[in-house]
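# Close look at the chain arrangement
Here is what each chain is made of, one letter per residue.
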Amino acid sequence: MDTVAQLRSQWFDYTHYLRRERFLDDQFAQLKKLQDASSPDFVFEVVSLFFQNSEKVINIMAEALEQNVVGFNQVITYVHRLKGSSAWCLGCLQQARQECLELKNKLENLFRLERQIVAAGGLVPVME
């Protein structure tokens, strides 16, 4: 099996794993469909912006929750911005931070695999 075929096979296996574990969903597949030859890094750039913003929002919420007097209205505003739910506590925030980091690592692996496919002269497969 040549290098491109091997990398594409790894890509299919990895994306199926990410879907099965619910790291990827239909929204991600739709986002991938917006990417084309004129903007090959579109999804990577969108995901990178999401993680930059998420990290800032999580840090702001963590700082707000660590204050002696917590401004819950401010925290709730940031929670809605990040997740859309206001049933949070500091422990939940830590879990969200960990899940965000895990998702970031998994998507970085996916993007690295895609770059390898392209570098080997292949085309990144289309998500199902």
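All residue numbers here refer to positions counted from 1 along the written sequence of the relevant chain. The model is predicted, so local features are restricted to residues of pLDDT at least 70 and side-chain atom pairs to those at 80 or more, both for listing and for counting; the totals for chains, interfaces and linings are taken over all residues. Hydrogen atoms and water are omitted, and side-chain values are computed over all heavy atoms in the structure.

### Considerations on the overall build of the protein
Under the DSSP-based scheme used, a helix requires at least four consecutive residues in state H or I and a strand at least two consecutive residues in state E, with every element numbered from the N terminus. Within the protein one finds five helices and zero strands. Ordered by position from N to C terminus, the α and β elements of the protein give α-α-α-α-α. Here the protein holds 128 residues, and 30% of them are scored as buried. At a minimum sequence separation of 6, the contacts of the protein that also span at least 24 residues come to 67%. The cut-offs for exposure are 20% and 50% of the maximum accessible area for each residue type, with area from a 1.4 Å probe on protein chains only; residues under the lower value are buried, those over the upper are exposed, and the others partly exposed. In this description, contact between two residues means that some pair of their heavy atoms is separated by no more than 4.5 Å.

### Quick look at the environment of Y17
Note on placement: Y17 falls in helix α1 (residues 3-20). What makes Y17 partly exposed here is its relative accessible area of 27%. A polar side-chain atom of Y17 sits 3.2 Å from a polar atom in the side chain of K106. Polar contacts, as counted here, are pairs of nitrogen or oxygen atoms within 3.5 Å of one another; within protein the pair requires one atom able to donate a hydrogen and one able to accept it, and residues that are adjacent in sequence qualify only if both atoms are side-chain atoms.

### Let's talk about unusual backbone geometry
The backbone phi angle of R22 is positive, close to 65°, even though this residue is not glycine. Tracing the backbone through its elements, the reader meets R22 in the loop between α1 and α2 (26-33).

### As for the nonpolar core
Nonpolar side chains in soluble globular proteins tend to end up buried together. Note on terminology: a nonpolar core comprises buried Ala, Val, Leu, Ile, Met, Phe, Trp, Tyr and Cys residues joined through side-chain atoms within 4.5 Å. Within the largest apolar cluster, 23 residues are counted, with the highest numbers of intra-cluster contacts made by L24, F28, V47, L107 and L110. Put simply, the parts of the chain that give this core at least two residues each are α1, α2, α3 (42-65) and α5 (90-119). Here the element with the most residues in this core is α5; it accounts for seven residues. Ignoring sequence-local partners within four residues, the contact set of V47 consists of F28, L107 and F111.

### Observations concerning the confidence of the model for the protein
Along the chain, pLDDT gives the predictor's confidence residue by residue, from 0 to 100. Per-chain confidence: the protein averages 80 in pLDDT, with 84% of residues scoring 70 or above. Mean pLDDT across the elements of the protein ranges from a minimum in helix α4 (residues 72-82), with 69, to a maximum in α1, with 92.

### Some thoughts on α1
Its 18 residues give α1 an end-to-end C-alpha distance of 26 Å, which sits within 8% of 26 Å, the value for a rise of 1.5 Å per residue. Within the sequence span of α1, burial applies to V4, L7, W11, Y14, T15 and L18. Looking down the long axis of α1, one finds its buried residues gathered within 100° of arc, a one-sided arrangement. α1 presents D13 and R20 as exposed residues on the side facing more than 90 degrees away from its buried surface. What a helix should span is 1.5 Å times the count of its residues minus one. An arc is given here, and it is the one of the directions from the helix axis to the C-beta atoms.

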